[in-house]
Amino acid sequence: MTKRRVLFLCNANSARSLMGEALLRHLAGDRFEAFSAGSEPDEPHSLTLEALRKHGLPTEGLRSKSLDEFESDNFDFVVVLCDKAQQACRDWQGGAGEVLSWDIRDPRLIGKSDAYEQALLEIRRRLQLWLPLHKSD
């Protein structure tokens, strides 16, 4: 069975999109290949990595990547996690079978100590609702 390819896209690729990549690998890595990128990539935020580790998710190999790195790739799904990345996704030359928009609040802008963990839990909740729809794809 060929794995479906999923790209999580956000502005900085320092929090939400990295969380999506790590979560999908953990929840359904047997059925999906997960990637992440940013329209304006930054370094992975330390609180992102801390939240992932706290929930038992591996962080090895996670790094911030530019959307340009994937311009010649095709994906079955592109999950856009912020409004800022919507325009970059429209301008992107790569291939996306289906684009999903899950606007998750940027934990960097919330200013609460648990904002990164809350973003992680919200992405997990959405994946848990989405995955059963794609069991036999």
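Definitions and limits used
- Residues numbered from 1 in each chain as written.
- Predicted model: local features only at pLDDT ≥ 70, side-chain atom pairs only at ≥ 80, totals over all residues.
- Heavy atoms only, no water.
- Helix = DSSP H or I, 4+ residues; strand = E, 2+ residues; numbered from the N terminus.
- Polar contact = N/O pair within 3.5 Å; in protein donor to acceptor, adjacent residues only side chain to side chain.
- Expected span 1.5 Å × (residues − 1).
- Buried < 20%, exposed > 50% of the residue type's maximum accessible area, 1.4 Å probe, protein only.
- Core = buried A, V, L, I, M, F, W, Y, C linked by side-chain atoms within 4.5 Å.
- Contact = heavy atoms within 4.5 Å.
- Salt bridge = Lys/Arg side-chain N within 4 Å of Asp/Glu carboxyl O.
- Axes fitted to C-alpha atoms, helices over the stretch in contact; angles between N-to-C directions.
- Parallel < 35°, antiparallel > 145°, perpendicular 65-115°, else oblique.
- Left-handed = near helix turned anticlockwise from the far one by under 90°.
- Nonpolar A, V, L, I, M, F, W, Y, C, P; charged D, E, K, R; others polar.

You'll find the chain entered in an unreviewed UniProt entry as Arsenate reductase ArsC, with Halomonas alkaliantarctica given as the organism.

Engineer: Where do I start with the environment of serine 66 in this structure?
Structural biologist: Note on placement: serine 66 falls in the loop between helix H2 (46–54) and strand S3 (74–80). In terms of polar contacts, serine 66 uses its side chain to reach the backbone amide nitrogen of aspartate 68, at 3.1 Å.

Engineer: Looking at this structure, how should I read helix H5 (residues 115–130)?
Structural biologist: Residues that lie three or four places apart on an α-helix share one face, since the helix turns once every 3.6 residues. Its 16 residues place the ends of H5 23 Å apart at the C-alpha level, agreeing with the 22 Å of an ideal helix rising 1.5 Å per residue. Where H5 is concerned, the buried positions are Ala115, Tyr116, Glu117, Ala119, Leu120, Ile123, Arg124, Leu127 and Trp130.

Engineer: Help me out: how do you make sense of the nonpolar core in this one?
Structural biologist: Considering soluble globular proteins, one finds that nonpolar side chains tend to be buried as a cluster. Core analysis: the biggest nonpolar cluster contains 30 residues, and Val6, Phe8, Leu24, Phe32, Leu81, Leu127 and Trp130 have the highest contact counts within it. Once you skip the residues sitting within four places of it in the chain, phenylalanine 8 turns out to touch Ser17, Gly20, Glu21, Leu24, Ala34, Phe35, Ser36, Ala37, Val79, Leu81 and Leu127. Membership of the second largest hydrophobic core comes to 9 residues, among which are Leu9, Phe70, Phe75 and Val78.

Engineer: In this structure, what is going on with the pattern of salt bridges? I would like to understand it.
Structural biologist: Pairing between side chains of opposite charge can happen when the charged atoms of each approach one another. Tallying each qualifying case throughout the model produces 11 salt bridges. Here glutamate 21 makes a salt bridge to lysine 65, at a shortest N to O gap of 3.5 Å. Note that glutamate 21 is positioned in helix H1 (residues 16–28) and lysine 65 in the loop between H2 and S3, a separation of 44 residues in sequence. The exposure class of glutamate 21 is buried, given its relative accessible area of 3%.

Engineer: Please explain the packing of H1 against H5 as it appears in this structure.
Structural biologist: Here H1 crosses H5 at 45°, and the two axes come no closer than 10 Å. Our classification of the angle between H1 and H5 gives oblique. Helix-helix and strand crossings are classified by hand; for H1 and H5 the assignment is right-handed. Here Arg16, Met19, Gly20, Leu23, Leu24 and Leu27 of H1 come into contact with H5, specifically with Tyr116, Ala119, Leu120, Ile123, Arg124, Leu127 and Gln128. When the residues that make up the contact of H1 with H5 are grouped by side-chain class, the tally is 9 nonpolar, 2 polar and 2 charged.

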